[in-house]
Amino acid sequence: MSDGVTTTGRLAEELLRIGAVVFSPDEPFTWASGIRSPVYVDNRLTLAHPEVRRQICAAFAAFADREKLAIDAVVGTATAGIPHAAWLADRLGLPMAYVRGSAKQHGRLNKVEGGLEEGMRVVLVEDLVSTGGSSLNAVGALHAVGVHVLAVLAIFTYELRAAAEAFRAAGVPLHVLTDFSTVFRTALRDGHFTDEQTAHVMDWHRDLVAGEGPDR
C-alpha cells in the first residue's frame, strides 16, 4: 500500500517537521467521532509548504506511471483532497474534478463537480484514510455517474483493518504514501517520547486497529 521505504520514511519526516502530524500522549486530542487520540493529523498544513506538496505530487505521479494507469482525469475529495488532485492533474496534463461530501441543495444538485464523462477512468485523491468510509462514499458517487475508479491515492493511513477490508470488498485499490507506523517510528527515533508515552501510543493504536476508528 505504500510507495516504498524511501518515500514513506521521507514523507513521515516531513509531516512531523511541518506539524501536520502532532503527538500529544499526555494531553490527547478529541476527534469529531469522540475518540480520544494521542495523535492528530492535519495534512491541510502541507498546502503551506511547496516542497512537501511537490514531494506528494511526485510520489502520486510515480505510482501512476509505475502501475501504468490509463487515467482520463484526477478527482479530489472535498475538501482536503482537492488541492492535491489539482496539482497531480496539472502534472499529468489531465482534467480535474472533485466529489462533494454531500450533494448540493440547489442548482443541478451535483455531488460530483467538474464535468466528468461517463466511462472515464479516474484516480481519487484523499488526504488521509482511517476506516475508508468517506473515501468509498466518494467512490460510490463516481460509480453512480458512470466513472470507473482505478485507485484511491492517499497521503496517510491509520492502518486500520476495517479500511483494508472495506477497500478489498469494494474492489478498489488503495495506495498510501505513508502510514501511522512509519510516522510513529520516525518520531520515536527522534526522541519524541518517554518509555511510558511510547507504551501508551502503541496501546492506543493497537486498540484503534482492533476497533472501528473515525469514519474517513
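Here the structure is a predicted model, which means the values were calculated and not measured.

Asker: I'm lost on the overall build of the protein chain in this one. Help?
Answerer: A count of helices and strands for the protein chain gives seven helices and 10 strands. Expected size for 216 residues packed as a compact globule is a radius of gyration near 17 Å; at 17 Å, the protein chain falls within 12% of this value. Dimensions of the protein chain along its principal axes, counting C-alpha atoms only, are 55 × 30 × 30 Å. In the form shown here, the protein chain has an accessible surface area of approximately 10300 Å², with 50% of it arising from carbon and sulfur atoms.

Asker: Can you walk me through the pairing of strand β10 (residues 174–179) in this structure?
Answerer: Across a regular strand the side chains alternate sides, sitting on one face of the sheet and then on the other. Burial within β10 is extensive, with six of its six residues counted as buried. Handedness of the strand β9 (residues 148–157)-helix α5 (residues 161–170)-β10 crossover: right-handed.

Asker: What exactly am I supposed to notice about the nonpolar core here?
Answerer: Proteins that are soluble and globular tend to have nonpolar side chains buried together. Judged by nonpolar contacts, the single largest core of 44 residues is most densely connected at V21, F23, V39, F60, L88, Y158 and F180. Broken down by element, this core gets its largest block of residues, eight residues, from helix α2 (residues 50–66). Apart from residues no more than four positions distant in its own chain, F60 is found in contact with L88, V125, L153, A154, I155 and L177. Among the nonpolar cores identified, the runner-up in size contains 24 residues, and V147, A154, F167 and V176 belong to it.

Asker: For this particular structure, what's the right way to read the environment of G101?
Answerer: Secondary-structure assignment places G101 in the loop between β6 (96–99) and β7 (112–113). When the C-alpha atoms of G101 and K111 are compared, they prove to be 7.4 Å apart, with 10 residues separating the residues in sequence. With sequence-adjacent residues up to four places away left out, G101 is seen in contact with A78, K111 and N137.

Asker: Looking at this model, I keep getting lost on the sheet that holds β6. Mind explaining?
Answerer: Paired through their backbone hydrogen bonds, the strands of a sheet run either parallel or antiparallel. Judged by pairing direction, the sheet is mixed, and its six strands sit side by side in the order β7-β6-β5-β8-β9-β10 without closing on themselves. One side of each edge strand has no neighbouring strand; the edge strands of this open sheet are β7 and β10. Two elements, β9 and β10, share five bridges in a ladder whose sense is parallel. Along β10, the bridge assignment pairs F156 with T178. Seen against the sheet, helix α4 (residues 133–144) touches β5 (73–77), β6, β7, β8 (121–129) and β9 and runs at an angle of roughly 160 degrees to β8.

What counts and what doesn't
Residues numbered from 1 in each chain as written. Predicted model: local features only at pLDDT ≥ 70, side-chain atom pairs only at ≥ 80, totals over all residues. Heavy atoms only, no water. Helix = DSSP H or I, 4+ residues; strand = E, 2+ residues; numbered from the N terminus. Rg over C-alpha atoms; globule rule 2.2 N^0.38 Å. Areas by Shrake-Rupley, 256 points an atom, 1.4 Å probe, with all protein chains shown as cover. Buried < 20%, exposed > 50% of the residue type's maximum accessible area, 1.4 Å probe, protein only. Right-handed = clockwise from strand over helix to strand, strands pointing away. Core = buried A, V, L, I, M, F, W, Y, C linked by side-chain atoms within 4.5 Å. Contact = heavy atoms within 4.5 Å. Pairing = 2+ DSSP bridges. Axes fitted to C-alpha atoms, helices over the stretch in contact; angles between N-to-C directions.

Everything listed here is a matter of geometry and, on its own, says nothing about what the molecule does.
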